[in-house]
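# Survey of secondary and tertiary structure
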Amino acid sequence: PYKKLVTDMKKKIVIFSGAGMSQESGLPTFRGEGGIWESINPEKVADYKAWYCGRRPDCKERRQAVLDFINPIRRQILSLNPNEAHYVTARLEKGFDVTVITQNGDDFHQRAGSTKVIHLHGEALKNASTLHPYIPLEIDPENPDIRIGDKAPDGSQIRPYVIFFNEDLQYDIWKSAVQAIREADMMVIVGCSLKVSPAAEMVEELSEEASLVVIDPADPPFPIKRTYAHLKLPASKGMKIMEETLLEQIKLE
């Protein structure tokens, strides 16, 4: 009974991570200076219409362009490892009820040990069928590439289990993320530009009583309409400070 009481009393923390967190593992960011979208047109490799191209005579080529983009990213994720920011996030579960909401498609949070991870934009290391894009299918890590002609169990072409541009977020995942933020005592935004909608509006779901911390070397692109603390640091350094501060808070309590 005592252990259950302690568990029930744990403060709820949401860690909202963006590309800046995984950048320290070696993955490039998508937006901002030096981001992938500076040199690649997302409409050609990451847009809904690039994959769902109907009877266009060049549909096969358009889909191949998407796969030529996603397959190397998959291989890169598999070759890299979580960084200290991911491990700090996982360690926080020892003293807090932590939910990770991430815009990233990599599996670094899980590999670092986090047990509650919500992927807003899908998972790059999973497949889906073209007919049922919101049902994840496992991949073979030894052979992660998708090829034109690869079929899902329903007979349709296999596609990546990611949310394309102009494709709706998966409703139950979105709902779970919003609920976690509404229930949180603290939200920590790490390495996220807050430029991507609708994720950019998720801060507004945080209660007035909850604390908000932003960890990013850059200023937010637009004013956050509430009080918050800003650690202008890379993800790992900022998360280490958060860990030390929160552990001290537990001692004081």
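Summary of the structure given here.

Calculation criteria
- Residues numbered from 1 in each chain as written.
- Predicted model: local features only at pLDDT ≥ 70, side-chain atom pairs only at ≥ 80, totals over all residues.
- Heavy atoms only, no water.
- Pairing = 2+ DSSP bridges.
- Helix = DSSP H or I, 4+ residues; strand = E, 2+ residues; numbered from the N terminus.
- Axes fitted to C-alpha atoms, helices over the stretch in contact; angles between N-to-C directions.
- Buried < 20%, exposed > 50% of the residue type's maximum accessible area, 1.4 Å probe, protein only.
- Salt bridge = Lys/Arg side-chain N within 4 Å of Asp/Glu carboxyl O.
- Contact = heavy atoms within 4.5 Å.
- Core = buried A, V, L, I, M, F, W, Y, C linked by side-chain atoms within 4.5 Å.

### Some words on the sheet that holds strand β8 (residues 229-231)
To summarise the sheet geometry, strands pair through backbone hydrogen bonds and adopt either a parallel or an antiparallel arrangement. Ordered by their spatial adjacency, six strands build an open sheet running β3-β2-β1-β6-β7-β8, and the pairing between neighbours is parallel. Strands at the two margins of the open sheet, each flanked by one partner only, are β3 (117-119) and β8. Ignoring which end each strand starts from, the neighbouring axes of this sheet average 15 degrees apart. Two strands pair when backbone bridges link them, and strand β7 (residues 211-215) and β8 are joined in this way by three bridges, in the parallel orientation. Looking across to β8, one finds that Ile215 is bridged to Leu231.

### Here's the deal with the pairing of strand β2 (residues 97-102)
Where burial is concerned, most of β2 is hidden: five out of the six residues are buried. Looking at chain direction, strand β1 (residues 12-17) and β2 are connected through six bridges and run parallel. Counted as the bridge partner of Lys12 is Asp97 from β2. As paired strands, β2 and β3 are joined by three bridges and run parallel to one another. Residue pairing for β3: Val100 is matched across the bridge by Val117.

### Things to note about the pattern of salt bridges
One pass over the structure, following the stated rule, counts 13 salt bridges. In this structure, Arg56 engages Asp58 in a salt bridge whose closest nitrogen and oxygen atoms are separated by 3.0 Å. For Arg91, the salt bridge goes to Glu84, with nearest N and O atoms at 2.9 Å. We classify Arg91 as partly exposed; its relative accessible area is 29%. For Glu84, a relative accessible area of 32% translates into the label partly exposed. Via salt bridges that share partners, Glu84, Arg91, Lys240 and Glu243 belong to a single interconnected network.

### Side note on the side chain of Gln170
Along the polypeptide, Gln170 turns up in the loop between β5 (158-162) and α8 (171-183). With residues near it in sequence (within four places) discarded, Gln170 still touches Tyr134, Tyr161 and Ile163.

### Details of the nonpolar core
Core analysis: the biggest nonpolar cluster contains 24 residues, and Phe16, Ile101, Met187 and Ile189 have the highest contact counts within it. Going through the elements one at a time, β1, α8, β6 (186-190) and β7 are the ones with two or more residues in this core. Considering each element in turn, this core owes the most residues, five residues, to α8. Counting residues in hydrophobic clusters, the runner-up holds 23 residues, among them Trp37, Val45, Phe69 and Leu125.

### So, the environment of Ala128
Take Ala128: it is sitting in strand β4 (residues 122-129). Take Ala128: its relative accessible area is 0%, and that puts it in the buried class. Measuring from C-alpha to C-alpha, the distance between Ala128 and Ile139 comes to 9.6 Å, with 11 residues separating the pair along the chain. In contact with Ala128, not counting residues within four places along its chain, are Pro133, Ile135, Leu137, Gln157, Ile158, Arg159, Pro160 and Tyr161.

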